[in-house]
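# An overview of the molecular structure
Here is what each chain is made of, one letter per residue.
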Amino acid sequence: MLTAVKNELRVCLLSMKYNMMREMVNKVTFLTNVCFMVLNNASILVQWFILFRLREDVGGYTFREILFLWGLVAASFGLSHILFARAFSLSDLIIKGKLDSYLVQPKNVLVSVITSSTDVSAIGDFLYGVALVCACRPGVGGFFLFLLFTVTGMAVFTAFALLLGSLSFWFVRMDMLQGQMVMSAVSFATYPDGIFEGISRFLLYFIIPVGMAVWHPVHVMVSFDAGMLFTVAGYACALSAAAVAVFYRGLKRYASGNLMEARL
Amino acid sequence: MEKYRDKNGSRNQRGWRYRGGSYKPWRKYAVIYRSVLMENLQYAANVAMGFLTYFVFIFIFVKLWGYMYRMPGELIAGYTKEQMIWYVMMTEMMFFGSNAASVAGEAARDIRGGNIAYLMNRPYHYALYVLSKYSGEWSVRLPMYALLAVVLGTVMVGPLPRFRLAAVPAMAVCVVLGLTIHAVFKLCISLFSFWIEDATPFQWLYDKLILVVGVMFPVEIFPRTLQPLLKMTPIYTVCYGPAKLIVDFSPEKCLEILAAQILYLTAGFVLMNLIYRKGVKKLYVNGG
């Protein structure tokens, strides 16, 4: 059992290594993508400077907490797109019947699929997130909490994308919905939860998993609460397990597109 | 001139054929526009699939401005809450309704992938061909998003106060000019792909500049010292101008914005032509 897990991890790491090497063939393009994504994210700070000129707090968040929020979203989203970028375009693979080349490999299908590509610009997202949180001087404990929540946030975003993408086994046109739902979740996540109330707040905590991916972690980073920490970690594990179960359940319905394809 | 004539009709100095009547160079672009328009009409349902993202953005801004305006009738930068939300709805409508990103992306892909070699030899100007396609796309998308914006705005914030129905044609002209200027500048950035392999990062920065400074906030919300500078950027003609006219119309403002748009459009076309002419000289195409 342990050897199998070790082997899967090794394949996973090798896959990421080769994805990265492929993307780094053109170094100028690679560096431009990373650097401009950092600039692109940094430009959104203008919005918050403007809003904080008008009020002392936005949705109950201070400027520092907004930086934590942005740092966590950027780092979690970035890490999920560095490691598991294909989970976010899974619908396309299923609808076009392109899973064949993964099914014939003597390795875990899901791991092979979701680690088969890397989004270079996501490195910029991740670096920006880390830099932003470091700029807030969270202390050693705060920084470790941030790293932990980056991993749980990554798990939640990836599992959410995987869950929606797997629905393509049953429904057509899920490709557009998957992209839109994930981007909607990210859009909600970049604003403080205090501006939402009533039913929308309930939906954002329990249906679209923004609350557990970002808002609760930011609250824990600001004021430590062990119970909330375990709730977030438990939720990330439960959502990931549900996403994996739905994927394998759907895989039984998969129909090949008879597409000749080689994975190099 | 004589050497270009043949039995099927006559040709102009560049060798383009026309069959009788006066030669109208814009006619081919009208045909491209019409064919893309007809194609997009077939897939109007696909456009409607994007409504969710638009709704999410508007929902967030309704909640955000609902929080920022704490007292009824309060003014921020001279805008009431309703005007501020309608401003964002209009700018987002133009952003979503134009889909300039896909057109600019297509141009970048044509250059990077070598498809440009086939397209530039055809009897049209490549950049104008792309702009004709773009116009065909937004002609379907924009009215759909405009309708959605009106419905959402009326339901979520109520009717726009002091809206002048008689000024709609002038507003429409400003919106169309704004969309065209936006596409011309995005196309200019895409044409940089002749020199660098991937111009997408530059598109991100331009889009983010438009989004943060023009789409989310009206120019008046920025510090007074920055406002004259912002009015000289494309933001004034692409987002702020048309949206400002919709939420708070005045004939003087309309003339000022139209003049700025015509100036920007002329400059944009000259720049686009210059970059294209220089860029095609850099083109290397590998056979295959």
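Attention here is on the structure that accompanies the text. Note that the structure is a prediction, hence the values are computed from the model and not measured.

### Section: the overall build of chain A
A count of helices and strands for chain A gives 13 helices and 0 strands. Each helix (α) and strand (β) of chain A, taken in turn from the N terminus, gives the series α-α-α-α-α-α-α-α-α-α-α-α-α. A globule of 264 residues ought to have a C-alpha radius of gyration of about 18 Å, and chain A, at 19 Å, matches this closely. Dimensions of chain A, computed from the C-alpha atoms along their principal axes, are close to 60 × 45 × 40 Å.

### Quick word on the interface of chain B and chain A
Each partner contributes to the interface: chain B provides 32 residues, whereas chain A provides 35 residues. Between chain B and chain A, a total of about 3200 Å² is buried, with carbon and sulfur atoms accounting for 71% of that surface. Linking chain B with chain A are 2 salt bridges. A salt bridge links R55 of chain A to E74 of chain B, with the nearest nitrogen and oxygen atoms 2.8 Å apart.

### Here's the deal with unusual backbone geometry
Residue and element names in this part refer to chain B. One non-glycine residue, A77, lies in the positive phi region at around 55 degrees. Structurally, the position occupied by A77 is in the loop between α3 (51-68) and α4 (81-98). According to the relative accessible area criterion, A77 is partly exposed, its value standing at 31%.

### Remarks on the packing of aromatic side chains
Applying the stated criterion to the full structure yields 37 aromatic pairs over all chains. Residues F202 of chain A and F206 of chain A carry aromatic rings whose centres are separated by 5.1 Å and whose planes lie at 40 degrees to one another, so their mutual orientation is tilted. Here F202 of chain A pairs with F206 of chain A, and both are found in helix α11 (residues 198-206), just 4 residues apart, close to one helical turn. With a relative accessible area of 46%, F202 of chain A lands in the partly exposed category. Their ring planes at 90 degrees and their centres at 6.1 Å tell us that W65 of chain B and F217 of chain B sit as a pair that is edge-to-face. Placement of the pair is W65 of chain B in helix α3 and F217 of chain B in the loop between α9 (200-215) and α10 (227-231), with a sequence separation of 152 residues.

Analysis parameters
- Residues numbered from 1 in each chain as written.
- Chains lettered and ligands numbered in written order.
- Predicted model: local features only at pLDDT ≥ 70, side-chain atom pairs only at ≥ 80, totals over all residues.
- Heavy atoms only, no water.
- Helix = DSSP H or I, 4+ residues; strand = E, 2+ residues; numbered from the N terminus.
- Rg over C-alpha atoms; globule rule 2.2 N^0.38 Å.
- Contact = heavy atoms within 4.5 Å.
- Buried area = accessible area lost by both parts, 1.4 Å probe.
- Salt bridge = Lys/Arg side-chain N within 4 Å of Asp/Glu carboxyl O.
- Buried < 20%, exposed > 50% of the residue type's maximum accessible area, 1.4 Å probe, protein only.
- Phe/Tyr/Trp six-rings, centres within 6.5 Å; stacked < 30°, edge-to-face > 60°.

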